[in-house]
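Okay, here's what each chain looks like letter by letter:
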Amino acid sequence: METNIKRKRRYLDLNKLLGRRLAQIRHESGVKQEEVADAMDIKRPLVSKIENGHRALDAMEIPDYAAAIHVEPDVIFSEIDKIVIEYDSRTGRSAQS
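Residues numbered from 1 in each chain as written. Predicted model: local features only at pLDDT ≥ 70, side-chain atom pairs only at ≥ 80, totals over all residues. Heavy atoms only, no water.

Enquirer: Can you break down the nonpolar core residue by residue, with the values?
Expert: If you look at the biggest cluster of nonpolar residues, it comprises 19 residues, and the most contacted ones within it are Leu-22, Val-36, Met-40, Leu-57, Tyr-65, Ile-69 and Ile-76. In contact with Leu-57, not counting residues within four places along its chain, are Leu-22, Met-40, Ile-50, Ile-62 and Tyr-65. (Core = buried A, V, L, I, M, F, W, Y, C linked by side-chain atoms within 4.5 Å. Buried < 20%, exposed > 50% of the residue type's maximum accessible area, 1.4 Å probe, protein only. Contact = heavy atoms within 4.5 Å.)

Enquirer: Describe the environment of Asp-58, with residues and values.
Expert: Here Asp-58 lies in the loop between helix H3 (44–51) and helix H4 (62–68). At a separation of 2.8 Å, a polar atom in the side chain of Asp-58 contacts the main-chain amide nitrogen of Met-60. (Helix = DSSP H or I, 4+ residues; strand = E, 2+ residues; numbered from the N terminus. Polar contact = N/O pair within 3.5 Å; in protein donor to acceptor, adjacent residues only side chain to side chain.)

Enquirer: Help me get a handle on helix H1 (residues 4–29), residues and values and all.
Expert: Compared with an ideal rise of 1.5 Å per residue, which puts 26 residues at 38 Å, H1 spans 37 Å between its outermost C-alpha atoms and is within 8% of the ideal. Buried within H1 are the following residues: Arg-10, Leu-14, Asn-15, Leu-18, Gly-19, Leu-22, Ala-23, Ile-25 and Arg-26. Just beyond H1, the residue with positive phi is Gly-30, at close to 75 degrees. (Expected span 1.5 Å × (residues − 1).)

Enquirer: Please set out the pattern of salt bridges residue by residue, giving values where relevant.
Expert: Between side chains of opposite charge, a pair can form when the charged atoms approach closely. Counted according to the given criterion, the structure contains seven salt bridges. The partner of Glu-86 in a salt bridge is Arg-90, and the shortest N-O contact between them spans 3.7 Å. You can see Glu-86 and its partner Arg-90 sitting in helix H5 (residues 73–91), four residues apart, about one turn around the helix. On the accessibility criterion, Glu-86 (47% relative accessible area) is partly exposed. Looking at Arg-90, the relative accessible area reads 53%, which means it is exposed. One connected set of salt bridges, linked through shared partners, spans Arg-21, Glu-79 and Lys-82. (Salt bridge = Lys/Arg side-chain N within 4 Å of Asp/Glu carboxyl O.)

Enquirer: Could you give an account of a negative patch on the surface, with specific residues and numbers?
Expert: The grouping of Glu-34, Glu-35, Asp-38 and Asp-41 at the surface amounts to a negative patch. Here Glu-34 lies in helix H2 (residues 33–40). According to the relative accessible area criterion, Glu-34 is partly exposed, its value standing at 42%. (Patch = residues over 30% accessible without salt bridge, like charges linked within 9 Å, V, L, I, M, F, W, Y side chains within 5 Å. Areas by Shrake-Rupley, 256 points an atom, 1.4 Å probe, with all protein chains shown as cover. Lys, Arg positive; Asp, Glu negative; His and termini not counted. Charge placed at Lys NZ, Arg CZ, Asp CG, Glu CD.)

Enquirer: Go over the packing of H1 against H5 with me, naming the residues and quoting the values.
Expert: The axes of two packed helices give the description: the angle between them and the distance between them. In contact at an axis separation of 10 Å, H1 and H5 are set at 135 degrees when each is read in the N-to-C sense. The angle between H1 and H5 places the two elements in the oblique class. Two packed elements cross with a definite hand, and for H1 against H5 that hand is right-handed. Together, Arg-9, Arg-10, Asp-13, Leu-14, Leu-17, Leu-18, Arg-21, Leu-22 and Ile-25 of H1 and Val-75, Ile-76, Glu-79, Ile-80, Ile-83, Val-84, Tyr-87, Asp-88 and Arg-90 of H5 make up the contact between the two elements. Residue classes in the contact of H1 with H5 are distributed as eleven nonpolar, no polar and seven charged. (Axes fitted to C-alpha atoms, helices over the stretch in contact; angles between N-to-C directions. Parallel < 35°, antiparallel > 145°, perpendicular 65-115°, else oblique. Left-handed = near helix turned anticlockwise from the far one by under 90°. Nonpolar A, V, L, I, M, F, W, Y, C, P; charged D, E, K, R; others polar.)

This is how it looks when you write it as structure tokens:
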């Protein structure tokens, strides 16, 4: 069974990995943080926090973020899946934990 500290560390690590990937997809799409902020009706520093892993992207925000960077939400959801699988395989965590 996973302890609260391990669970929190995993959550923070996954947020950081996802944030980096979101920033990379945004860069590849040629969209600026300010444009994402405007499209999502949030402030630009919040986009930065999401992309740096300091703030989680809520599941309800994923379609808005995806639209802002001109990709389908499935792209982001598949990245989340890939990141979790890769992270868990590196840390030896099983899918049942």
